[in-house]
Amino acid sequence: VLPQFSHIDTVRNFTTYLYAVYRYSDMVFFDSRSAEKDFLNVKFKIANTRNISSKVVKLGADIFITDSKISNNLLKKKYILFVGTIEPRKDQSLLLDAFEKLSQKHLDINLIFIGRPGWNNDQLIERIKKKK
């Protein structure tokens, strides 16, 4: 849907992958209604008439902390947590811009990125490293 935010190889390979999904899948799971809508819109545009069920599922996990020292220390700090590959399509630079403004008023807040470096992100990675 937004190829400008993906690596050219991903765009090229995704089209082949997507056509295979439309041809062979009986059910597809999505992490958002927006992704499901995009999938169905493309299906309609290419005039695919196969009946493919879809379902939106929530992402996440239940975390159980049994050590009260750990849980108390975590609860004393304020965090913004981003989990995912560092890459342009996820617009982490916008998050970093917002955090820079927010942290001027709230000195006790921390921004944490969890994820592997993706593609085309050298400048953002350097920005994040400078904030340590």
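For the structure, see preceding data.
Residues numbered from 1 in each chain as written. Predicted model: local features only at pLDDT ≥ 70, side-chain atom pairs only at ≥ 80, totals over all residues. Heavy atoms only, no water.

Student: Which residues make up the overall build of the protein, and what values go with them?
Tutor: On a plain count of helices and strands, the protein comes out with five helices and four strands. For the protein, the succession of helices and strands along the chain, N to C, is α-β-α-β-α-β-α-β-α. The buried share of the protein, taken over its 132 residues, is 20%. Within the protein, counting contacts between residues at least 6 apart in sequence, those at least 24 apart form 67% of the total. Split by element, the accessible area of the protein, about 10,800 Å² in all, is 56% carbon and sulfur. (Helix = DSSP H or I, 4+ residues; strand = E, 2+ residues; numbered from the N terminus. Buried < 20%, exposed > 50% of the residue type's maximum accessible area, 1.4 Å probe, protein only. Contact = heavy atoms within 4.5 Å. Areas by Shrake-Rupley, 256 points an atom, 1.4 Å probe, with all protein chains shown as cover.)

Student: Can you explain the layout of surface pockets? Please cite residues and give values.
Tutor: In this structure, the largest pocket spans a volume of roughly 1,100 Å³. Forming the walls of the largest pocket are 29 residues, and the residues nearest its centre are Val-1, Leu-2, Phe-14, Asp-38 and Arg-89. Contributions of two or more residues to the lining of the largest pocket are made by α1 (8-24), β1 (27-30) and α2 (33-45). Looking at which element gives the most residues to the lining of the largest pocket, the answer is α1, with nine residues. Taken together, the residues of the lining of the largest pocket break down into 19 nonpolar, six polar and four charged. (1 Å grid on protein atoms, 1.4 Å probe; cavity = no way out; pocket = protein on both sides within 12 Å on 5 of 7 lines; lining within 4 Å. Points joined across faces, edges and corners; volume = space filled by probe spheres on them. Nonpolar A, V, L, I, M, F, W, Y, C, P; charged D, E, K, R; others polar.)

Student: Give a description of the pattern of salt bridges that names residues and reports values.
Tutor: Applying the stated criterion across every chain yields a total of eight salt bridges. The shortest N-O distance in the salt bridge between Arg-33 and Glu-36 comes to 3.6 Å. One end of the pair is Arg-33 and the other is Glu-36, both in helix α2 and three residues apart, which spans about a single turn. On the basis of relative accessibility, which here comes to 61%, the residue Arg-33 falls in the exposed class. Among the salt bridges present, the one from Asp-108 reaches Lys-78, with a minimum N-O distance of 3.4 Å. In this pair, Asp-108 is assigned in the loop between α4 (92-105) and β4 (109-114) and Lys-78 in strand β3 (residues 78-83), connecting sequence segments 30 residues apart. Each member of the salt-bridge network shares a partner with another, and the members are Glu-87, Arg-89 and Lys-90. (Salt bridge = Lys/Arg side-chain N within 4 Å of Asp/Glu carboxyl O.)

Student: A description of the nonpolar core should follow, citing residues and the corresponding values.
Tutor: Listed in full, the 10 residues of the largest apolar core are Phe-82, Ile-86, Leu-96, Phe-99, Ile-109, Leu-111, Phe-113, Leu-124, Ile-125 and Ile-128. Beyond its immediate sequence surroundings of up to four residues, Phe-82 is in contact with Lys-90, Gln-92, Leu-95, Ile-112, Phe-113 and Ile-114. (Core = buried A, V, L, I, M, F, W, Y, C linked by side-chain atoms within 4.5 Å.)

Student: Describe in detail the packing of α4 against helix α5 (residues 122-130), supporting the description with residues and values.
Tutor: Running from amino to carboxyl end, α4 crosses α5 at an angle of 25°, the nearest separation of the two axes being 10 Å. Considering the angle they form, α4 stands roughly parallel to α5. Regarding α4 and α5, the two cross each other, and that crossing is left-handed. For the pair α4 and α5, contact is made by Gln-92, Ser-93, Leu-96, Asp-97 and Glu-100 and by Leu-124, Arg-127 and Ile-128, respectively. (Axes fitted to C-alpha atoms, helices over the stretch in contact; angles between N-to-C directions. Parallel < 35°, antiparallel > 145°, perpendicular 65-115°, else oblique. Left-handed = near helix turned anticlockwise from the far one by under 90°.)

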